[in-house]
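A structural walkthrough
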Amino acid sequence: MTNHLNGNSLPEERRHVFDCSGRKVAVDNEGYNTRCSEGNLEDYVRANGKYARPGITQPKLLLALNIVMPIFGSGAQFVTGLRTILRQDFSGFPHGVNDVEIVFYINEPYHAHPDRVAANRLTLDILNFIFKTSERNPGRHDQERAEFLELREMLKPSSVILLEKLEAGLGELYRNVVASFMVRLSAAVAAQNLSEKSARLGFIDRLERTTVLMFIDDDIHLQNRDSLLSAYHHIQAKNGVALGNVTLTNVCSLSRSMDAVLRGLMQVFFVVKKELNICILTPRAASLKDYHHAPSVRIEKPYADQIYFAQIAAGREIIWLDVKTNIEEEDYPSNANMVKGLREYFEGTGDESALDIFKALLPQLTCGTKRCRQKEVKDLLQLLQAKDRLRIIEQCQKMLDPRE
């Protein structure tokens, strides 16, 4: 996520970040940062207000911590991750759980498979029951019904639940969410009826700085009860960002015999990228001010959501939140699609382009005092080219072992 500029860089030259695959991507310079806070806010809303979603803009107040959970095809599986959110310690916020809001954004492509559509409707039914907008418990057996009832009775943050068809996936979702919060900010400023410009500027700056927007994928399980509070305090104190330090519990591909190999490869990929400071896994969180001044989401690009947040996080101090997750093979550009490409390569239905992701890391690796990853990744690539599954697993274990 580090910016890369030539020694003779001019202000108009473009910066670079790294996408999910580890490839260097040119990005735009910061936008909405040329005028005062009020002018920048007006410019942003004028350009992006059309993307705002009424379901998100209707709440009258901006709360301290705003969590967005993108959901697609999860069915009831998201409940495990939701439980780790609801069990967080919110007592450190001035008004406790009342300082927190969760936006559940269920999204699906226009031509989604019927199974995914059905899964989304089940998710919607579960959320409506847990957050008491419906009395019908959608649990399919006694244990599940009891789990949903337990979550229903817990003290919970306020919630927004919406289901929408999106053409451009997560990139479009991020764009819509950020636009919605900026419109909500604009409305909050207008509601103050502040006559003096200095007072309006101070209010905007304070509210942008103290409002944190966090994205948590539906398959992410927080490992510590203070994760959300720690992220919030870090962002306030350090003007930093929060990102996920991910441990994979399982990888599920179309070839179960490949899952152990794929889990090792993906975990190595995450670890090496984290060491290079180019890992941008969820949870992702920053102040609303940082979202405001970031360039627009390039929804037409693969990994648009990751590139977008990489721009926000570039150069900022990171707090790493320990999380666990699974990866299931998918077709859309993502780590799950990387799993598919590797699986097809091993089975002979795909080519060596699946290894390009690992090759992309090599130019960024150097020998340091603790680790010499360049040699290790080269060794791993040789084993991948030989398709030696057993030795690949051994090499991954070696690379993941703690070191002095």
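Please read all numbers here as calculations on a predicted model, not as lab measurements. (Residues numbered from 1 in each chain as written. Predicted model: local features only at pLDDT ≥ 70, side-chain atom pairs only at ≥ 80, totals over all residues. Heavy atoms only, no water.)

Looking now at the overall build of the chain. Check the secondary structure of the chain and you find 15 helices and 10 strands. Expected size for 404 residues packed as a compact globule is a radius of gyration near 22 Å; at 22 Å, the chain falls within 12% of this value. Across its three principal directions, the C-alpha atoms of the chain cover 70 × 65 × 45 Å. Counting all 404 residues of the chain, 51% fall into the buried class. (Helix = DSSP H or I, 4+ residues; strand = E, 2+ residues; numbered from the N terminus. Rg over C-alpha atoms; globule rule 2.2 N^0.38 Å. Buried < 20%, exposed > 50% of the residue type's maximum accessible area, 1.4 Å probe, protein only.)

Right, let's get into the pairing of strand β10 (residues 318-328). Direction of pairing for strand β7 (residues 221-222) relative to β10: antiparallel, over a ladder of two bridges. Bridge pairing in β10 places L222 opposite V323. Of the pairings in the sheet, the one linking strand β8 (residues 241-252) to β10 comprises 11 bridges and is parallel in character. Paired with V241 across the two strands is I318, which belongs to β10. (Pairing = 2+ DSSP bridges.)

Looking now at the packing of helix α3 (residues 78-86) against helix α5 (residues 142-153). Remark: α3 packs on α5, axes separated minimally by 11 Å, with the N-to-C direction vectors making an angle of 30 degrees. Regarding the angle of α3 to α5, the classification is roughly parallel. Considering only the axes of α3 and α5, their crossing is left-handed. Here V79, R83 and L86 of α3 come into contact with α5, specifically with E147, F148, E150 and L151. (Axes fitted to C-alpha atoms, helices over the stretch in contact; angles between N-to-C directions. Parallel < 35°, antiparallel > 145°, perpendicular 65-115°, else oblique. Left-handed = near helix turned anticlockwise from the far one by under 90°. Contact = heavy atoms within 4.5 Å.)

Structurally, the position occupied by E101 is in strand β4 (residues 100-108). In terms of polar contacts, E101 uses its side chain to reach the side chain of R184, at 3.1 Å. When near neighbours in sequence (up to four residues on either side) are disregarded, E101 contacts P59, L63, L65, N66, I67, P157, S158, V160, F181 and R184. (Polar contact = N/O pair within 3.5 Å; in protein donor to acceptor, adjacent residues only side chain to side chain.)

Now for the pattern of salt bridges. In the structure shown here, the tally under the stated rule is 29 salt bridges. Here R184 and E101 are joined by a salt bridge, their closest N and O atoms 3.1 Å apart. Of the two residues, R184 is situated in helix α6 (residues 169-192) and E101 in strand β4; the sequence distance between them amounts to 83 residues. Among the residues examined, R184 registers a relative accessible area of 2% and is labelled buried. Two residues, K359 and E352, come together in a salt bridge whose shortest N-O distance is 3.9 Å. On the accessibility criterion, K359 (32% relative accessible area) is partly exposed. (Salt bridge = Lys/Arg side-chain N within 4 Å of Asp/Glu carboxyl O.)

Let us now look at the packing of α6 against helix α7 (residues 197-210). Remark: α6 packs on α7, axes separated minimally by 10 Å, with the N-to-C direction vectors making an angle of 140 degrees. Taken together, the axes of α6 and α7 are oblique relative to one another. With respect to the hand of their crossing, α6 and α7 are arranged in right-handed fashion. Along its contact with α6, which presents M182, L185, A188, V189 and Q192, the element α7 presents F203, I204, L207 and E208. Of the residues contributing to the contact of α6 with α7, the split by class is seven nonpolar, one polar and one charged. (Nonpolar A, V, L, I, M, F, W, Y, C, P; charged D, E, K, R; others polar.)

Right, let's talk about the packing of aromatic side chains for a bit. One pass over the full model with this rule turns up 11 aromatic pairs. Seen in terms of ring centroids, Y345 and F346 are 5.5 Å apart; in terms of plane orientation they differ by 70 degrees. Their pairing is edge-to-face. One aromatic cluster in this structure is built from Y174, F215, Y291, Y308 and F309. The cationic tip of R152 hangs over the ring face of F129; the distance from NZ or CZ to the ring centre is 4.5 Å. Here the basic side chain of K387 rests over the ring of Y345, its NZ or CZ set 4.6 Å away from the ring centre. (Phe/Tyr/Trp six-rings, centres within 6.5 Å; stacked < 30°, edge-to-face > 60°. Lys NZ or Arg CZ within 6 Å of the ring centre and 35° of its normal.)

Between its first and last C-alpha, helix α4 (residues 114-130) extends 24 Å over 17 residues, near the 24 Å set by a 1.5 Å rise per residue. Considering only its buried residues, α4 is in contact with β3 (65-71), α3, β4, α5 and β5 (158-165). A positive phi of about 65 degrees marks K132, the residue just after α4. (Expected span 1.5 Å × (residues − 1).)

Taking 1.5 Å as the rise per residue, α6 with 24 residues should run 34 Å; its terminal C-alpha atoms sit 36 Å apart, in good agreement. N193 sits one or two residues past α6 and shows a positive phi near 55 degrees.

Within the element layout of this structure, A112 appears in the loop between β4 and α4. Placed 31 residues apart in sequence, A112 and G81 show a C-alpha to C-alpha distance of 23 Å.

Confidence in the prediction of the chain, expressed as mean pLDDT, is 91, and 93% of residues score 70 or more. Confidence over residues 1-13 falls short of pLDDT 50; this stretch has 30 contacts with residues more than four positions distant or in other chains. (pLDDT = per-residue confidence, 0-100.)

Right, let's talk about the side chain of T84 for a bit. Along the chain, T84 turns up in helix α3. Given a relative accessible area of 18%, T84 falls into the buried group. A distance of 3.2 Å separates a polar side-chain atom of T84 from the backbone nitrogen of L222. Excluding residues that lie within four positions of it along the chain, T84 makes contacts with I220, H221 and L222.

Another point: the environment of V272. Residue position: V272 is located in helix α9 (residues 259-275). Put simply, V272 and M399 are 127 residues apart on the chain and 9.2 Å apart in space, counted from C-alpha to C-alpha.

Before going further, it helps to examine unusual backbone geometry. Note the cis peptide between T282 and P283, where omega equals 5 degrees. Summarising the element assignment, P283 is placed in the loop between α9 and β9 (284-287). For N193, which is not glycine, the phi dihedral falls at a positive 55 degrees. As for its placement among the helices and strands, N193 is situated in the loop between α6 and α7. Judged by its relative accessible area of 68%, N193 falls in the exposed class. At Y303, a position not held by glycine, the phi torsion is positive, near 60 degrees. In this fold, Y303 is placed in the loop between α10 (288-293) and α11 (304-313).

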